[in-house]
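Architecture at a glance
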Amino acid sequence: MLLRILRSPAIWIALIVVIIAATLPLYVSGYVLGLLTIAYYFGVFSMAWDLLFGFANEVNFGPTFLIGLGAYTAGILDNLYQPPIWVCVLAGTSAAVVGGVILALPALRLRGPYFGLTTLVAVLMLQNFVVVAAGLTGGEIGLTVPDVLSIDDKVNYWIALGFMAISGAALYGLSRSPVGLILQASGQDPVQAAALGFNVTKHKLAAFIVSAFFSGLAGALMVFYLGAASVGTFIDVTVGVQVIIGAVIGGRRTILGAAIGAIFLIAMGETLRPLGDLATFIVSAMALVVVLLFPSGFVGMIARRREAT
Amino acid sequence: MLLWQILIDGFAISSLYALGATGFTLIFGVSGVLNLSHGSLMVAAAVAAWALGASFGGSYVGAIFGALVALLLSVVTYFLVVRPLQQTKRIREEEKEIFILTATLLWGIMIQEAIAYLFTNNAKTVLPIVGGVVTIAGVRTPANEIFTAAICWLAIGALWLLVNRTQVGKTVLAASMNPRGVTLLGVELSIVYIAVWAIYGILAGIAGVLLGMFLGVSSYSAGPLTASAFSIVVLGGLGSVSGSLIAAYVVGYLETLTAYLASPAYRTIPALLLLVVVMYIRPRGLLGRR
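So, how was this worked out
- Residues numbered from 1 in each chain as written.
- Chains lettered and ligands numbered in written order.
- Predicted model: local features only at pLDDT ≥ 70, side-chain atom pairs only at ≥ 80, totals over all residues.
- Helix = DSSP H or I, 4+ residues; strand = E, 2+ residues; numbered from the N terminus.
- Rg over C-alpha atoms; globule rule 2.2 N^0.38 Å.
- Buried ≥ 20, exposed ≤ 12 C-beta atoms within 10 Å, placed from the backbone.
- Contact = placed C-beta atoms within 7 Å.
- Expected span 1.5 Å × (residues − 1).
- Core = buried A, V, L, I, M, F, W, Y, C linked by C-beta atoms within 7 Å.
- Nonpolar A, V, L, I, M, F, W, Y, C, P; charged D, E, K, R; others polar.
- Axes fitted to C-alpha atoms, helices over the stretch in contact; angles between N-to-C directions.
- Parallel < 35°, antiparallel > 145°, perpendicular 65-115°, else oblique.
- pLDDT = per-residue confidence, 0-100.
- Left-handed = near helix turned anticlockwise from the far one by under 90°.
- Pairing = 2+ DSSP bridges.

Observations regarding the overall build of chain B
- In terms of helices and strands, chain B carries 11 helices and two strands.
- Along the chain direction, N to C, the helices and strands of chain B fall in the order α-α-α-α-β-β-α-α-α-α-α-α-α.
- A compact globule built from 290 residues would reach a C-alpha radius of gyration of about 19 Å, and chain B, at 19 Å, matches this within 12%.
- Overall size of chain B, expressed as C-alpha extent along the three principal axes, is 60 × 50 × 35 Å.
- A burial count over chain B gives 51% of its 290 residues as buried.
- Long-range contacts, defined as pairs at least 24 residues apart, comprise 75% of the intrachain contacts of chain B with a sequence gap of at least 6.

As for the overall build of chain A
- Scanning chain A from terminus to terminus reveals 16 helices and two strands.
- Taken along the three principal axes of its C-alpha coordinates, chain A extends 50 × 45 × 40 Å.
- The contacts of chain A with a sequence gap of at least 6 include a subset with a gap of at least 24, amounting to 78%.

Side note on helix H14 (residues 256-271) of chain A
- Taking 1.5 Å per residue, 16 residues should reach 22 Å; H14 of chain A reaches 23 Å between its end C-alpha atoms and fits that length.
- What H14 of chain A keeps buried is the set Leu256, Gly257, Ala258, Ala259, Ile260, Gly261, Ala262, Ile263, Leu265 and Ile266 of chain A.

Looking at the nonpolar core
- Counting residues in hydrophobic clusters, the biggest one holds 193 residues, and the most contacted among them are Ala44, Ala45 and Ala46 of chain B.
- Here Ala45 of chain B is in contact with Gly66, Ala67, Val69, Ala70, Ala204, Gly205, Gly208 and Val209 of chain B, once residues within four sequence places are set aside.

Considerations on helix H13 (residues 237-250) of chain A
Residue and element names in this part refer to chain A.
- Across its 14 residues, H13 extends 20 Å between first and last C-alpha, which sits within 8% of the 20 Å expected from 1.5 Å per residue.
- For H13, a buried count of 12 out of 14 residues is recorded, marking the element as mostly surrounded by other parts of the structure.
- When we look at burial in H13, the residues that qualify are Val239, Gly240, Val241, Gln242, Val243, Ile244, Ile245, Gly246, Ala247, Val248, Ile249 and Gly250.
- In the segment just after H13, Gly251 is the residue with positive phi, at about 130°.

Side note on the interface of chain B and chain A
- Opposite the 35 residues of chain B that make contact, chain A presents 31 residues.
- Counting residues per element, the side of chain B that touches chain A draws most heavily on helix H4 (residues 96-119) of chain B, at 15 residues.
- Residue classes in the side of chain B that touches chain A are distributed as 28 nonpolar, four polar and three charged.

Side note on unusual backbone geometry
- Phi is positive for Ile255 of chain A, close to 55°, though the residue is something other than glycine.
- Relative to the assigned elements, Ile255 of chain A resides in the loop between H13 and H14.
- Of note, the phi angle at Thr120 of chain B is positive, near 65°, even though the residue is not glycine.
- With respect to the helices and strands, the residue Thr120 of chain B is situated in the loop between H4 and strand E1 (133-136).

With respect to the packing of helix H5 (residues 143-165) of chain B against helix H6 (residues 167-177) of chain B
Residues and elements named next belong to chain B.
- Packing of H5 against H6 brings their axes to within 5 Å, and their N-to-C directions diverge by 80°. In terms of their interaxial angle, H5 and H6 are classed as roughly perpendicular. For the pair H5 and H6, the contacting residues are Leu162, Val163, Asn164 and Arg165 in the first and Val168, Gly169, Val172 and Leu173 in the second.
- Across the contact of H5 with H6, the residue classes tally to five nonpolar, two polar and one charged.

Concerning the confidence of the model for chain B
- With 98% of its residues at a pLDDT of at least 70, chain B reaches an overall mean of 86.
- No element of chain B has a lower mean pLDDT than E1 of chain B, which averages 77, and none a higher one than helix H8 (residues 189-214) of chain B, which averages 91.

Notes on the packing of helix H15 (residues 277-293) of chain A against H4 of chain B
- It is at 8 Å that the axes of H15 of chain A and H4 of chain B come closest, and there the two elements cross at 155°. Relative to H4 of chain B, the element H15 of chain A lies roughly antiparallel. Crossing geometry of H15 of chain A relative to H4 of chain B is assigned as left-handed. Judged by residue contacts, Asp277, Leu278, Thr280, Phe281, Ser284, Ala285, Ala287, Leu288, Val291 and Leu292 of chain A of H15 of chain A engage Phe99, Thr102, Ala103, Leu106, Trp107, Ile109, Met110, Glu113, Ala114, Ala116 and Tyr117 of chain B from H4 of chain B.
- Residue composition of the contact of H15 of chain A with H4 of chain B, by class: 16 nonpolar, three polar and two charged.

Regarding the pairing of strand E2 (residues 139-142) of chain B
All names here are of chain B.
- Looking at chain direction, E1 and E2 are connected through four bridges and run antiparallel. Across the sheet, Val134 pairs through a bridge with Thr141, a residue of E2.
- Linking E1 back to E2 in an antiparallel pair, the connection comprises two residues, with Ala137 at a positive phi of about 50°.

A look at the environment of Val237 of chain A
- Looking at where Val237 of chain A falls in the secondary structure, it is placed in helix H13.
- Separated by 136 residues in the primary sequence, Val237 of chain A and Val101 of chain A place their C-alpha atoms 21 Å from one another.
- When near neighbours in sequence (up to four residues on either side) are disregarded, Val237 of chain A contacts Val123 of chain A together with Gly223 of chain B.

Remarks on the environment of Phe65 of chain A
Residues and elements named next belong to chain A.
- Residue placement: Phe65 occurs in helix H4 (residues 63-81).
- Residue Phe65 is classed as buried on the basis of its 27 C-beta neighbours within 10 Å.
- If we ignore the near neighbours within four places in the chain, the residues touching Phe65 are Gly99, Leu103, Thr119, Ala122, Val123 and Leu126.

Things to note about the environment of Tyr72 of chain A
All names here are of chain A.
- The topology assignment puts Tyr72 in helix H4.
- A count of 30 C-beta atoms within 10 Å places Tyr72 in the buried class.
- Taking the C-alpha atoms as reference points, Tyr72 and Val145, 73 residues apart in sequence, are found 10 Å from one another.
- Residues within four places of Tyr72 in sequence aside, it is in contact with Val130, Thr137 and Ala229.

What follows is the structure in structure tokens.
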């Protein structure tokens, strides 16, 4: 199994790309590094989402519910008691996992759009909670966190890159493992998968927990990179939409493609920023073209071309 | 006094929700599409009515123009976004739903951003068609609020007549029950779909223009409007029109009650809680069909 993963070219290309990316701080500006740091965290968000969407076949409209839980739990804890950062990050991750289980257990009984709506409602409720409990969460103004991961751009960049690489490897490995295959089968034909003796609900729940783990961890780390948390950066539905678009244009069911899509999206958004409102329009239009004409995304296109030749 | 105020205000906003959700559920019932660009369509109609009303001063002309814009956009949505995905062979049948959701979401964002670019993000209030204030049971109510509720019910009534009493409506109904059977009877299914999207566009347009008069809209309203239509329709049961109507009133009154008795800031919370509870107890919604 491990050998088969090592033999697939995707993993070697990814490794080379990561090594090249690791040398970037030597010759690009701090501005670009900051942008990429954010993009890498979004990459993890999208990869975690793809595990649910691509493999478990569940549209989670609320990736930001998990991200926000992780980010805000870590941020609030740090704000109140200033424990070491890793304690906060751990707490944030656990909160996301617990929240994910609470959300998923009943929600997995629901199908398709009903599941999607429940996850969307979870985001709206969390958003309302943050605004209403302003004393604790900073409300609409946002929460400032006293500690940061590092004050050095380069260190922050390497942490984000390393984190994305490890998460990517873990999620990719999982998706190609026997468990990942069962998950894929459960997503595509739950009835048949159950008839073959696999516990569909258990596998989907496990996928949700893994997705929540990485989303929460990434959210918590990103808080300590930004030094602040706000509804607009972690919870708002538009953030969730960005995570979703990244995963879809990168390529469904590819995990690594999701990260590429998310990084591309952040970079595009920043490049087009001078255009103001038109920037979002162009990015959405491009994403729509990808969805309509190349439904398997960037990575899917390349994979198909390789199969054809 | 307060009770009457809540009853009257709640009735107007609920009627508006009902009209918005009816079109949304119609599209789902007939073609199985959840159109996530719904809110953007409503906002586009309101902004069009506002722009024309402001430059020509005719609120009637503006309102009709707004509904026409929504009609046009709705048909474009069908041809540009929904139809290509429904007919493509590159996406597996069971995955199409997810792709249509994503694509209509993106399309909605595009409309929303185009509006923001052309007309800025500022909130716009469409000139009311009926001016003045009437007093009902001691509550001073803008006459336009009553007009809004009346138009909503007229539109819903017209839709009911159309579906149940005309040949077109019966064909649409049949297509929602058994598309293959209708094709075998010699009906071109695409024409049915175009008709449904056109009807949906007009309904969403009317709802959007009325909302623009009642509460005002900005490009930011698109997302929340889609979300509220989505939750009302799911609460009532996907595909069930009467369920949507009941759910619209439940949500509308819950929101008004909360806004008056607690605080406008908490407006949406009880409705969301109710939705979660209903989802867990009755996953198919109040009147959902199995």
